[in-house]
Amino acid sequence: MALPRVLSVIGAGQMGIGIALVASLRAKIPTVLLYDRDPSQITKGLEFMDKLLAKDVSKGKTSEEDAKAAREKIISITSSSASSSTLNIDEFGWARELGERGSDMVVEAASERLSIKEGIFRALAKNLSKDAVLASNTSSISITKLAGAAVEGLGSSINKASEEGKSCAGRVVGVHFFNPVPVMKLCEVIPGLQTSETTLERAKAFAVACGKEVSTSKDVPGFVSNALLMPFLNEAIMCLESGTATRDDIDKTLRLGMGHPMGPLQLGDIFIGLDTCLAIQETLYEGTHDSKYRPSVLLGRMVDAGWLGKKSGKGFYEY
Ligand code: CAA
């Protein structure tokens, strides 16, 4: 199955940077466009990428030439309209640019908010080639819903049941990587209800080329990964909230008693972010109305306080 020649990654946060890196270095995609509407996020993300590449070179895991070639293939793109928090389709000059530069696959790795992702998928469908794979790295949001937004982006004359609508929805798929992307071995691939077989195979081939094992999940809230991980993390937070054990003892129990690489509170703080944990849990709860997915009060309060984990300097731990 053919790999993309021009991959666009949307969002230069930890996930976007990791995906751009493995696509360039491992999958050897010839051109990787990295878009973020915030220029400072691109600068920060690329500095982090440079550190990861330098570490790989110093450990002999990557040659200096390969690291240099991987880095040179990454072209950053930003937009001047960095102010509004809800993306508006009329501002999407960036999507035109990704289209004009020949993107034949996109991986969206923006914030875990439905309205933001829907706006992005509308813009992508409107501006990219009619063959491009439109993939989302969402942790929990319905791929079928994002496909619906993509079809809306084609304009009001195209309905979801038309041939053009079906073909567009057929190109939308979930490719869910795990943080840190260069290290974690899995990519969860999620077909929406209308995802075509070709799109699914192209998504899987891309993940494998990036050096990942693939698991497939149905398009249910949280997919397999977060339908399992989030109740576990939430239960750990509830243990803390109810005083069952201290923060350190909760994490120690899972690390030393069950062999987890890190405790659940530390994992939420460092590799997920507590705002993202809450957003995923809300999607799970709203999507199922099952009380086992109800986010703990403490998690909500911590997000209200701006204690989002390592990225904000404080979560369950101080950084
Ligand atoms: N980015 C890139 N690489 C990183 C990294 C980061 N943020 N943090 C650590 N690493 C690398 C290190 O550089 C090191 O690489 P080398 O082998 O080349 O030296 C490697 O990871 C191992 O690191 P350490 O030896 O320092 O530490 P460790 O043995 O404790 O392992 C870990 C670190 C692999 C991250 C391990 O703690 C772990 O597996 N933690 C759990 C992570 C996890 O569960 N992630 C998934 C979160 S859920 C998610 O992402 C999706 C979602 O939908 C919520």
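If you're wondering where the values come from, they're calculated on a predicted model, not measured in any experiment.

What counts, and where the lines are drawn
Residues numbered from 1 in each chain as written. Predicted model: local features only at pLDDT ≥ 70, side-chain atom pairs only at ≥ 80, totals over all residues. Heavy atoms only, no water. UniProt positions renumbered as here; feature names shortened; annotations may be inferred. Helix = DSSP H or I, 4+ residues; strand = E, 2+ residues; numbered from the N terminus. Near = heavy atom within 4 Å. Polar contact = N/O pair within 3.5 Å; in protein donor to acceptor, adjacent residues only side chain to side chain. Areas by Shrake-Rupley, 256 points an atom, 1.4 Å probe, with all protein chains shown as cover. Buried < 20%, exposed > 50% of the residue type's maximum accessible area, 1.4 Å probe, protein only. Contact = heavy atoms within 4.5 Å. Pairing = 2+ DSSP bridges. Right-handed = clockwise from strand over helix to strand, strands pointing away. Expected span 1.5 Å × (residues − 1). Axes fitted to C-alpha atoms, helices over the stretch in contact; angles between N-to-C directions.

Draft legend 1. The UniProt feature "domain: 3-hydroxyacyl-CoA dehydrogenase C-terminal" (unreviewed entry) in the chain, seen in detail. Taken from the UniProt record, the annotation "domain: 3-hydroxyacyl-CoA dehydrogenase C-terminal" (unreviewed entry) applies to residues 222-319. Its end C-alpha atoms 28 Å apart, residues 222-319 is made of 65% helix and 0% strand.

Draft legend 2. View of the site of the ligand. Residues in close proximity to the ligand total 20 residues, the closest being Lys59, Lys61, His176, Asn179 and Asn226. A distance of 2.5 Å separates an oxygen atom of the ligand from a polar atom in the side chain of Lys61. The side chain of Asn226 places a nitrogen or oxygen atom 2.8 Å from an oxygen atom of the ligand. In isolation the ligand exposes 1,000 Å². Once the protein is present, 67% of that is buried. Taken together, the elements giving at least two residues each to the shell around the ligand come down to helix 2 (39-58), helix 9 (223-242) and helix 11 (264-272).

Draft legend 3. Inspection of helix 6 (residues 143-153) at higher detail. Across the 11 residues that make up helix 6, a large majority, 8, are buried. Each element contacted by the buried residues of helix 6 is listed here: helix 5 (114-127), strand 5 (133-136), helix 7 (163-169), strand 6 (172-177), strand 7 (186-191) and helix 9. Its side-chain oxygen at 3.2 Å from the backbone nitrogen of Thr144, Ser142 defines the N-terminal cap of helix 6. Positive phi shows up at Gly155, right after helix 6, with a value of about 120 degrees.

Draft legend 4. Broad picture of the side chain of Ser140. Here Ser140 is to be found in the loop between strand 5 and helix 6. Setting aside residues up to four positions removed in sequence, Ser140 forms contacts with Glu112, Val220, Pro221, Gly222, Phe223, Ile280 and Thr283.

Draft legend 5. Expanded view of the pairing of strand 4 (residues 105-108). Burial along strand 4 is two-sided: the face carrying Met105 and Val107 and the face carrying Val106 and Glu108 are both buried. Inspection of the sheet shows strand 1 (residues 6-10) paired to strand 4 by 4 bridges, in the parallel sense. Bridge pairing in strand 4 links Ile10 to Glu108. As defined by bridge partners, strand 4 adjoins strand 5 across 4 bridges and the pair is classed as parallel. Note on strand 5: the bridge partner recorded for Glu108 is Ser136. Note on the crossover from strand 4 through helix 5 to strand 5: the handedness is right-handed.

Draft legend 6. Representation of helix 1 (residues 14-25) in the model. With 12 residues, helix 1 extends 16 Å from end C-alpha to end C-alpha; this agrees with the ideal 16 Å at 1.5 Å per step. Within helix 1, 11 of the 12 residues are buried, which leaves the element mostly enclosed by the surrounding structure. Looking at helix 1, one finds that the buried residues are Met15, Gly16, Ile17, Gly18, Ile19, Ala20, Leu21, Val22, Ala23, Ser24 and Leu25.

Draft legend 7. The sheet that holds strand 8 (residues 213-216), seen in detail. The strand order across the open sheet built from 8 strands is 3-2-1-4-5-6-7-8, with neighbouring strands paired in mixed fashion. Looking along the sheet, the strands with just one partner apiece sit at the ends: strand 3 (74-77) and strand 8. Pairs of neighbouring strands in the sheet enclose a mean axial angle of 25 degrees, with direction left out of account. The strands touched by helix 2 are strand 2 (31-35) and strand 3; relative to strand 3, the strand with the most contacts, the crossing angle is about 160 degrees. The strands that helix 9 touches are strand 6 and strand 7; relative to strand 7, the one it contacts most, it runs at about 115 degrees.

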